[in-house]
Amino acid sequence: MGRLKIAGQKLQRHQSTNMQVLTIGCQNEANLDLLCRILKSCRDQMPELYPFLKVIPHRSILNLFYQDELDLLFGFQGDIPIKSDTVYKELFRIPLCCIVPDAHPYGAKSELSKEELYLENIVVCNSYAIPSSVAEMQNQISQHILPESTYVCENLQVLLTLVRAGYGCSVLPQMNFADTDIRAIPLKDSEPLSYGLFFKKSSQSPLLKKFNAIVTNTSYQ
């Protein structure tokens, strides 16, 4: 009863202010690094914005987006089917990197070829949190490596933990890491991935348009 009372008070407070809710979908925690920068700008430029973030697995979040339960969705272009009412705005292109432990001999290199990883153990992630083209690259490399030297996991954080612990190397889109135990080295001759914002033509509102403008300006700083 106490929780219901508090929820009711919050709802009344929300209705009596200019607060405007925007539901934002992310495929994994890695997207939140970008969103943090965007939301800092939004706090100054859109004080009325109430961001509601949902971080859930790929397939589930797609269903929510197409059922209009999300106002917008951040993700990789190659992993989100574009329907007639879907608008995609590219924010930037993210290079692919070889992920190695910081103490690894490759750690001092400025770039690596995928062939150089054939000599190493590899960590492969079977998760929708990993872009499909990245998963394909991981599997291509693993075909040149003995099965006992291939570690398979189902979670991005598990992949990073195994790499950090020295069990193997991997391939991921470039991202910021919370610690210095991992080095991300650009993968030679690889095609960058298009990353951006998905929203519906039919759901464009002044709030969404203003948010989109802030996203664009923040992302290219």
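As a reminder, the structure under discussion sits directly above these lines.
Residues numbered from 1 in each chain as written. Predicted model: local features only at pLDDT ≥ 70, side-chain atom pairs only at ≥ 80, totals over all residues. Heavy atoms only, no water.

Peer 1: Before we go on, may I ask you to explain the sheet that holds strand 3 (residues 72-76) in this structure?
Peer 2: Sheet strands line up and pair through hydrogen bonds in the backbone, either parallel or antiparallel. Within the open sheet, the five strands sit side by side as 2-1-3-10-4. Their pairing is mixed. Lying at the two open borders of the sheet, with one neighbouring strand each, are strand 2 (49-55) and strand 4 (86-94). With direction set aside, neighbouring strand axes in the sheet form an average angle of 20°. Two strands pair when backbone bridges link them, and strand 3 and strand 10 (residues 193-200) are joined in this way by five bridges, in the antiparallel orientation. (Pairing = 2+ DSSP bridges. Helix = DSSP H or I, 4+ residues; strand = E, 2+ residues; numbered from the N terminus. Axes fitted to C-alpha atoms, helices over the stretch in contact; angles between N-to-C directions.)

Peer 1: Help me out: how do you make sense of the sheet that holds strand 9 (residues 182-186) in this one?
Peer 2: Across the sheet, which stays open at both edges, the three strands sit in the order 8-5-9 with antiparallel pairing between neighbours. Where the open sheet ends on each side, the last strands, each with one partner, are strand 8 (170-173) and strand 9. Each adjacent strand pair in this sheet contributes to an overall mean axis angle of 40°, direction not counted. Lying over the sheet, helix 4 (residues 132-142) contacts strand 5 (96-101) and strand 8, oriented at roughly 165° with respect to strand 8. With respect to the sheet, helix 5 (residues 156-164) is in contact with strand 5, strand 8 and strand 9, its orientation differing from that of strand 8 by roughly 130°. (Contact = heavy atoms within 4.5 Å.)

Peer 1: Explanation requested: the environment of Leu208 in the structure shown.
Peer 2: As for its position among the elements, Leu208 is in helix 6 (residues 206-219). In contact with Leu208, other than residues within four places in its own chain, are Leu22, Asp71, Leu72, Phe199 and Ser203.

Peer 1: Hey, could you run me through the state of the cysteines in this one?
Peer 2: Disulfides are covalent bonds that link the sulfur atoms of two cysteine residues. Taken as a whole and judged by the stated rule, the model has zero disulfides. Note on Cys97: no disulfide assigned, nearest cysteine sulfur contributed by Cys98 at a separation of 7.6 Å. (Disulfide = S-S within 2.5 Å.)

Peer 1: How do you make sense of the nonpolar core when you look at a structure like this?
Peer 2: Nonpolar side chains in soluble globular proteins tend to be buried together. Judged by nonpolar contacts, the single largest core of 54 residues is most densely connected at Ile38, Leu72, Phe74, Leu159, Leu172 and Phe211. Formed by nine residues, the second largest nonpolar core is a distinct cluster that contains Phe65, Leu70, Ile80 and Tyr88. (Core = buried A, V, L, I, M, F, W, Y, C linked by side-chain atoms within 4.5 Å. Buried < 20%, exposed > 50% of the residue type's maximum accessible area, 1.4 Å probe, protein only.)

Peer 1: Before we go on, may I ask you to explain the side chain of Ser149 in this structure?
Peer 2: Tracing the chain through its elements places Ser149 in the loop between helix 4 and strand 7 (150-153). Looking at Ser149, its side chain comes within polar contact range of the side chain of Asn121, at 3.4 Å. In this view, Ser149 contacts Asn121 and Ile122; residues no more than four positions away in its chain are not counted. (Polar contact = N/O pair within 3.5 Å; in protein donor to acceptor, adjacent residues only side chain to side chain.)

Peer 1: Before we go on, may I ask you to explain the pattern of salt bridges in this structure?
Peer 2: Pairing is possible between side chains that carry opposite charge, provided their charged atoms lie close to one another. By the definition in use, this model includes four salt bridges. One salt bridge connects Glu90 with Arg93, and the closest N-O pair in it is separated by 3.2 Å. Given the relative accessible area of 42%, Arg93 is considered partly exposed. One salt bridge connects Glu116 with Lys109, and the closest N-O pair in it is separated by 2.4 Å. Given the relative accessible area of 19%, Glu116 is considered buried. Residues joined by salt bridges that share partners form a network here, namely Glu90, Arg93 and Glu191. (Salt bridge = Lys/Arg side-chain N within 4 Å of Asp/Glu carboxyl O.)

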